[in-house]
Amino acid sequence: MISLRELTVRYGATVAVDGITLDLTPDKIYGLLGRNGSGKTSLLSVLASYRRASAGTVTVDGVDPFENPALMRGTAFIRDQLDVTTQDRVDRVLDFAGRLRPTWDAGYAEHLTDVFELDRRKRVSALSRGQRSSLGVVLGLAARAPLTILDEVYLGMDAAARTAFYRELLADYLAHPRTIILSTHLIEEVADLFEQVIVIDRGRLLVHEDTDTFKARGVAVTGPAAVVDAFVSGRTVLSERSLGGVRQATLYGGLDPRDVERAGAEGLSLAPVGVQDLFVHLTSGAADGTHRSEALR
Amino acid sequence: MFDDRSPIYQQIANGIKDDVLSGTLKEDEQVMSTNQYAAFYQINPATAAKGFAQLVDEGVLYKKRGIGMFVSPDARARLRGQRRERFFTDVVDPMLAEARMLGVDVDEIVAYLKEGPR
């Protein structure tokens, strides 16, 4: 198990990660969601031991992973900059990755380069943005690392390549279960793959739970404005909008069966809220300048 | 693939129930594995497993250790009983409410049911 305790990352006076405590049980697919600048990459860099925490601890099965060769061989961290020599050709990059990693599957890497139509003789510097991202996916998945961290690896990939990425990710996870952490802004297209979601906002942990549980917390209530107002009073309202006399309020916190019955009796309609909408509602600033997330703390 | 109105695991469970009711899945027949479901629907296997767990709880499926999930011998009869109970509230009541709204009276409905469309 990976355990974070009061993990903090500071850059001078800026606090990027602000006291996050989190336990990740192995062999699940996690979705890490946060807005730009929310601290996702800083958090992942510490998890992958690319940097040290300013305060707090990370342990993997009770051991500090920093500068620990055995744990590092089992950790694959794929980020925007790829961490490869850009003058090298693709086949050399893959060959090098295979030498570093005991779990590397060269046959699978070859399969993936075919799937993504990557020219193995091309230099990394000559690849397009999307092709470079695809190379990142190949390096991340073929490593078969017990801890695989993919930080926004889809940049520049078109819809077909992203679909192939999700399909390969799931298929390989089913065949070789391992801990996979995926950070993404394209939440809706990949949310069904997450067993758990982790939402961070301004360096702090907002949500960590099963995707189904998280989804069930959001509900959109629609009906006559006065009836909706009465129904939502005293509940956490993430957003509201009106069309003529009809109002829709997005609630956070889920409804119990009595609430559902009451809504039905009063002629209100209830609808689920997608993971992406829920995320946007939770992390976007309100008109009065306060953050929705404050209501949840 | 999914209608987004109810959790995916519930939709998986309901789909299997429908297959049992219609006879597509026979008693003591093995159902697809959670991994097969996950790959087919492109969902996390834990989600599929949750749907299966619900069906085991409800007695629709039973587990053979190390082999997989099978349809319980009495699943079809049990599901029919449950669905029949709900048939009037879930199917007939909404139809009557709609008929009332449109001014279609009960005699007209009865005639339609007995004789088919005119």
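Values in this document were obtained by computation on a predicted structure and should not be read as measured data.

Focus: the overall build of chain A
Scanning chain A from N- to C-terminus turns up 11 helices and 13 strands. Considering only C-alpha atoms, chain A reaches an extent of 65 × 40 × 35 Å along its principal axes. Taken across its 297 residues, chain A has 38% of its residues classed as buried. Long-range pairs, those at least 24 residues apart, make up 68% of the contacts in chain A with a sequence separation of at least 6.

As for the overall build of chain B
Across its full length, chain B holds 5 helices and 2 strands. For chain B, the sequential pattern of α-helices and β-strands runs α-α-α-β-β-α-α. Since a compact globule built from 118 residues should have a radius of gyration of about 13 Å, the 18 Å found for chain B marks it as more spread out than a globular shape. The principal-axis extent of the C-alpha atoms belonging to chain B is close to 55 × 30 × 25 Å. The buried share of chain B, taken over its 118 residues, is 21%. Long-range contacts, defined here as pairs at least 24 residues apart, represent 56% of the contacts in chain B between residues at least 6 apart.

Some details on the interface of chain B and chain A
If you look at the interface, chain B gives 15 residues, while chain A gives 14 residues. Of all the elements in the fold, those that place two or more residues in the side of chain B that touches chain A are helix H1 (8-22), helix H2 (34-41) and helix H3 (45-57) of chain B. With 4 residues, H3 of chain B is the single largest residue contributor to the side of chain B that touches chain A. The class makeup of the residues in the side of chain B that touches chain A is 8 nonpolar, 4 polar and 3 charged.

A word on the sheet that holds strand E10 (residues 218-224) of chain A
Residue and element names in this part refer to chain A. The strand order E11-E12-E10-E13 describes an open sheet built from 4 strands, whose pairing is antiparallel. Sheet topology places strand E11 (236-243) and strand E13 (269-272) at the edges, where each strand pairs with a single neighbour. Across the sheet, the axes of successive neighbouring strands diverge by a mean angle of 20 degrees, strand direction being ignored. The pairing of E10 with strand E12 (residues 246-252) spans 7 bridges and is classified as antiparallel. Along E12, the bridge assignment pairs Ala220 with Thr250. The strands that helix H8 (residues 225-232) touches are E10, E11 and E12; relative to E10, the one it contacts most, it runs at about 140 degrees.

Re the packing of H1 of chain B against H3 of chain B
Residues and elements named next belong to chain B. Close contact between H1 and H3 brings their axes to 8 Å; oriented N to C, the two are set at 50 degrees. Between H1 and H3, the crossing angle belongs to the class labelled oblique. Judged by the sense of rotation from one axis to the other, the crossing of H1 with H3 is right-handed. Counting all contacts with H1, which are made through Ile8, Tyr9, Gln10, Ile12, Ala13 and Ile16, the residues of H3 involved are Thr47, Ala48, Lys50, Gly51, Gln54 and Leu55. Classifying every residue of the contact of H1 with H3 gives 7 nonpolar, 4 polar and 1 charged.

Observations regarding unusual backbone geometry
Negative phi characterises most residues that are not glycine, and trans characterises most peptide bonds. Residues and elements named next belong to chain A. One non-glycine residue, Asp61, lies in positive phi territory at about 50 degrees. Along the chain, the position of Asp61 falls in the loop between strand E4 (55-60) and helix H2 (69-73). Unlike most non-glycine residues, Arg202 shows phi in positive territory, near 50 degrees. Following the sequence through the fold, Arg202 ends up in the loop between strand E8 (196-201) and strand E9 (204-210).

Let's talk about the domain arrangement of chain A
Residues and elements named next belong to chain A. Each assigned domain of chain A is listed with its residue range as follows: domain 1 (2-81 + 137-211) and domain 2 (217-296). In this assembly, 10 residues from domain 1 lie in contact with 8 residues from domain 2. Looking at which element gives the most residues to the side of domain 1 that touches domain 2, the answer is E8, with 3 residues.

A word on the packing of helix H4 (residues 106-115) of chain A against helix H5 (residues 129-142) of chain A
All names here are of chain A. One can describe the packing of H4 onto H5 by two numbers: an axis separation of 9 Å at closest approach and a directional angle of 155 degrees. Regarding the angle of H4 to H5, the classification is roughly antiparallel. Judged by the sense of rotation from one axis to the other, the crossing of H4 with H5 is right-handed. Packed against H4, whose contacting residues are Tyr108, Ala109, Leu112 and Thr113, the element H5 presents Val137, Val138, Leu141 and Ala142 at the interface. Each residue belonging to the contact of H4 with H5 can be placed in one class, and the counts come to 7 nonpolar, 1 polar and no charged.

Considering the sheet that holds strand E7 (residues 179-183) of chain A
Residue and element names in this part refer to chain A. Strands sit in the order E5-E6-E7-E3-E8-E9 across an open sheet of 6 strands; the sheet is mixed. The two strands at the open ends of the sheet, each matched to only one other strand, are strand E5 (75-78) and E9. Between one strand axis and the next, the sheet turns through 15 degrees on average, direction left out of account. Relative to E7, strand E3 (residues 29-33) runs parallel, the two sharing 4 bridges. Bridge pairing links Leu32 to Ser183 in E7. In this fold H5 packs onto E5 and strand E6 (147-151), with an angle of close to 170 degrees to the strand it touches most, E5. Taken strand by strand, helix H10 (residues 275-283) contacts E3, E8 and E9, and its axis lies near 25 degrees from that of E8.

Topic: the nonpolar core
Residues and elements named next belong to chain A. If you look at the biggest cluster of nonpolar residues, it comprises 93 residues, and the most contacted ones within it are Val138, Ile149 and Val199. The two domains that each donate at least three residues to this core are domain 1 (2-81 + 137-211) and domain 2 (217-296). When near neighbours in sequence (up to four residues on either side) are disregarded, Val138 contacts Ala109, Leu112, Thr113, Phe116 and Leu118.

Rules behind the numbers
- Residues numbered from 1 in each chain as written.
- Chains lettered and ligands numbered in written order.
- Predicted model: local features only at pLDDT ≥ 70, side-chain atom pairs only at ≥ 80, totals over all residues.
- Helix = DSSP H or I, 4+ residues; strand = E, 2+ residues; numbered from the N terminus.
- Buried ≥ 20, exposed ≤ 12 C-beta atoms within 10 Å, placed from the backbone.
- Contact = placed C-beta atoms within 7 Å.
- Rg over C-alpha atoms; globule rule 2.2 N^0.38 Å.
- Nonpolar A, V, L, I, M, F, W, Y, C, P; charged D, E, K, R; others polar.
- Pairing = 2+ DSSP bridges.
- Axes fitted to C-alpha atoms, helices over the stretch in contact; angles between N-to-C directions.
- Parallel < 35°, antiparallel > 145°, perpendicular 65-115°, else oblique.
- Left-handed = near helix turned anticlockwise from the far one by under 90°.
- Domains from an automatic or database assignment.
- Core = buried A, V, L, I, M, F, W, Y, C linked by C-beta atoms within 7 Å.

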